[in-house]
Amino acid sequence: MRAFTVNRYGKKETLSLIQVAEPTPKDSEVVVQVHASGVNLLDSKIRDGEFKLLLPYKTPFVLGHDVAGIVTKVGPKANKFKVGDEVYARPADFHIGTFAEYIAVDERDLAPKPKNLTMEEAASIPLVGLTAWQALVEKMNIQKGQKVFIQAGSGGVGTFAIQLAKHLGAFVATTTSAVNSDLVKSLGADVVIDYKTEDFETILSDYDFVLNSQDGKTLEKSLNILKPNGKVVSISGPPDVEFANEVGLSWFVKIIMRLLSFGIKKKVKKLHLNYNFLFMRAEGKQLSEITSLLETGKIRPIMDKVFPFEQTNEALAYVESGRAKGKVVIKVK
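Rules behind the numbers
Residues numbered from 1 in each chain as written. Predicted model: local features only at pLDDT ≥ 70, side-chain atom pairs only at ≥ 80, totals over all residues. Heavy atoms only, no water. Helix = DSSP H or I, 4+ residues; strand = E, 2+ residues; numbered from the N terminus. Buried < 20%, exposed > 50% of the residue type's maximum accessible area, 1.4 Å probe, protein only. Lys, Arg positive; Asp, Glu negative; His and termini not counted. Salt bridge = Lys/Arg side-chain N within 4 Å of Asp/Glu carboxyl O. Contact = heavy atoms within 4.5 Å. Pairing = 2+ DSSP bridges. Phe/Tyr/Trp six-rings, centres within 6.5 Å; stacked < 30°, edge-to-face > 60°. 1 Å grid on protein atoms, 1.4 Å probe; cavity = no way out; pocket = protein on both sides within 12 Å on 5 of 7 lines; lining within 4 Å. Points joined across faces, edges and corners; volume = space filled by probe spheres on them. Nonpolar A, V, L, I, M, F, W, Y, C, P; charged D, E, K, R; others polar. Arc of directions from axis to C-beta. Expected span 1.5 Å × (residues − 1). Bend = angle between axes of the 7 residues up to and from the residue.

### Let's talk about the side chain of Glu29
Considering the arrangement of structural elements, one finds Glu29 in strand S3 (residues 29-39). No salt bridge forms around the buried Glu29; measuring N to O, its nearest opposite-charge neighbour Lys26 is 5.2 Å away. Excluding anything up to four places from it in sequence, Glu29 contacts Thr24, Val74, Gly75, Ala78, His95, Ala104, Val105, Asp106 and Glu107.

What follows is the structure, given as structure tokens:
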């Protein structure tokens, strides 16, 4: 089969389109013929080597974290799906590889594809959907009437998180450029701040939660809009010791995480706030709950561009440009 691989870490490196062996399913795995794959900033960060400490992939490896497709083979102990089923997933770390024509995925990470979505639309959902779910439902446990500030509302995570927060009954503020203001309002944002001309720190106050996806400076400013005991969940770092414990990282990595998060931890303690780093995980059960929200129309996929499989490098470059509204997808079949 054809697959796009990372042969060498580096910012100027491009993925190589090569022939690799088609996967054989292990006990609880199924093989999925990839029809479409979502493209994420995480893909370029892994290619660049930014996550080598957390995810030390050995080169060469196939990249890609979102898949929608059809089951073609089933492992001997897999019983949740059968050949011909339409599915989608964010494969688990160290089992990624959706920039390919086939991928073996553990059945626990899979969910039935939403019936009302195309393969391309379905492929746009898993990583951003699970990120938003784990931030807003698991980490924040948002209740009706609470206030949440979601940064970068027109991005992949932002467009999903705004809709999920509104479904949960929250009051939502977000940042975006003026050109995307109508888009985020249509998704349910109550307060829209033009990050080019306005400062959210002077406009927002007394918020319960912040979903941080930006740089360290924006993270620090976000602390000032929270009420006492408010919480920041950051998907862009810095990682902390609690995260290292959750995923069972080594004592050496835990020391590094402690040092990386020392500054922000000190600030949140002084302000009587809470901080959590989130690196989303694969989770088929949660994805099934997301499926029901999509099928009932409570959440809709927001897509920018669909690239042909052969233009996977161009799709990655477009995501890195920061211009995408919603998700970018690769059509494989």
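### What to know about the environment of Leu54
Considering the arrangement of structural elements, one finds Leu54 in the loop between helix H1 (41-48) and strand S4 (61-62). Residues Leu54 and Asp93 lie 39 residues apart in sequence; the distance between their C-alpha atoms is 10.0 Å. Excluding anything up to four places from it in sequence, Leu54 contacts Phe94, Phe243, Leu249, Met257 and Phe279.

### Considering the side chain of Lys113
When you line up the elements, Lys113 lands in the loop between strand S8 (110-112) and helix H2 (119-123). Judged by its relative accessible area of 8%, Lys113 is buried. Ignoring any residue separated from it by four or fewer positions in sequence, one finds Lys113 in contact with Glu86, Val87, Tyr88, Thr118, Met119, Ala122 and Glu295.

### Topic: the sheet that holds S4
Pairing in this open sheet of 3 strands is antiparallel, and the strands run S2-S1-S4 from one edge to the other. Looking at strand neighbours, the two that pair on one side only are strand S2 (16-19) and S4, the edges of this open sheet. Where strand S1 (residues 2-6) lies against S2, 4 bridges are found, and the strand directions are antiparallel. Paired with Arg2 across the bridge in S2 is Gln19.

### Side note on the packing of aromatic side chains
Tallying each qualifying case throughout the model produces 10 aromatic pairs. On the numbers, 4.8 Å between centres and 40° between planes, the contact of Phe149 with Phe200 is tilted. Taken as a pair, Phe149 in strand S9 (residues 147-150) and Phe200 in helix H6 (residues 200-203) lie far apart in primary sequence, 51 residues in all. The pair Phe149 / Phe200 is uniform in exposure class, with both members buried. Each ring, one from Phe243 and one from Phe277, has its centre 4.9 Å from the other, and the planes form 85°; the classification is edge-to-face.

### Some points on the pattern of salt bridges
For the coordinates displayed, the defined rule picks out 22 salt bridges. Its salt-bridge partner being Glu310, residue Arg2 comes within 3.0 Å of it at the nearest N-O pair. In this pair, Arg2 sits in strand S1 while Glu310 sits in the loop between strand S15 (303-308) and helix H11 (312-320), placing the two residues 308 residues apart along the sequence. With a relative accessible area of 24%, Arg2 lands in the partly exposed category. A salt bridge links Glu86 to Lys113; the shortest N-O distance between them is 3.6 Å. Residue Glu86 is found in strand S6 (residues 86-89), and its partner Lys113 is found in the loop between S8 and H2; the two are separated by 27 residues along the sequence.

### Regarding the layout of surface pockets
Roughly 310 Å³ of volume is contained in the second largest pocket. The wall of the second largest pocket is formed by 16 residues, among which Asp93, Phe243, Val247, Phe279 and Arg281 lie closest to the centre. Of all the secondary structure elements, the ones that give two or more residues to the lining of the second largest pocket are helix H3 (126-139) and helix H8 (241-246). When residues of the lining of the second largest pocket are assigned to their parent elements, the largest contribution, 3 residues, is made by H3. For the lining of the second largest pocket, a count of residues per class yields 10 nonpolar, 1 polar and 5 charged.

### A word on H11
Looking at H11, one finds that the buried residues are Thr312, Ala315, Leu316, Tyr318 and Val319. Angularly, the buried residues of H11 cover 160° about the axis, an arc narrow enough to put them on a single face. Of the residues trailing H11, Gly322 is marked for its positive phi of about 80°.

### Quick word on the pairing of S1
For S1, the buried fraction is high: 4 of the 5 residues fall into the buried class. In this sheet, S4 lies alongside S1 in antiparallel orientation, the contact comprising 2 bridges. Directly across from Val6, in S4, lies its bridge partner Phe61.

### Looking at helix H9 (residues 251-270)
In this model H9 runs 27 Å from its N-terminal to its C-terminal C-alpha over 20 residues, within 8% of the 28 Å that 1.5 Å per residue would give. Taken as a whole, H9 carries its principal kink of about 55° at Phe262. Listed in full, the buried residues belonging to H9 are Val253, Met257, Ser261, Ile264 and Val268. Turning to H9, the residues buried within the fold contact helix H7 (216-223), H8 and strand S14 (274-277). The positive-phi residue at the C-terminal boundary of H9 is His272, with phi of around 60°.

### Let's talk about empty space enclosed by the protein
If you walk through the whole model with that rule in mind, you get 1 cavity of 30 Å³ or more. Forming the walls of the largest cavity are Ser124, Ile125, Val128, Gly156, Thr159, Phe160, Arg300, Pro301, Ile302 and Lys327. Top contributing element to the lining of the largest cavity by residue count: helix H4 (residues 156-167), with 3 residues.

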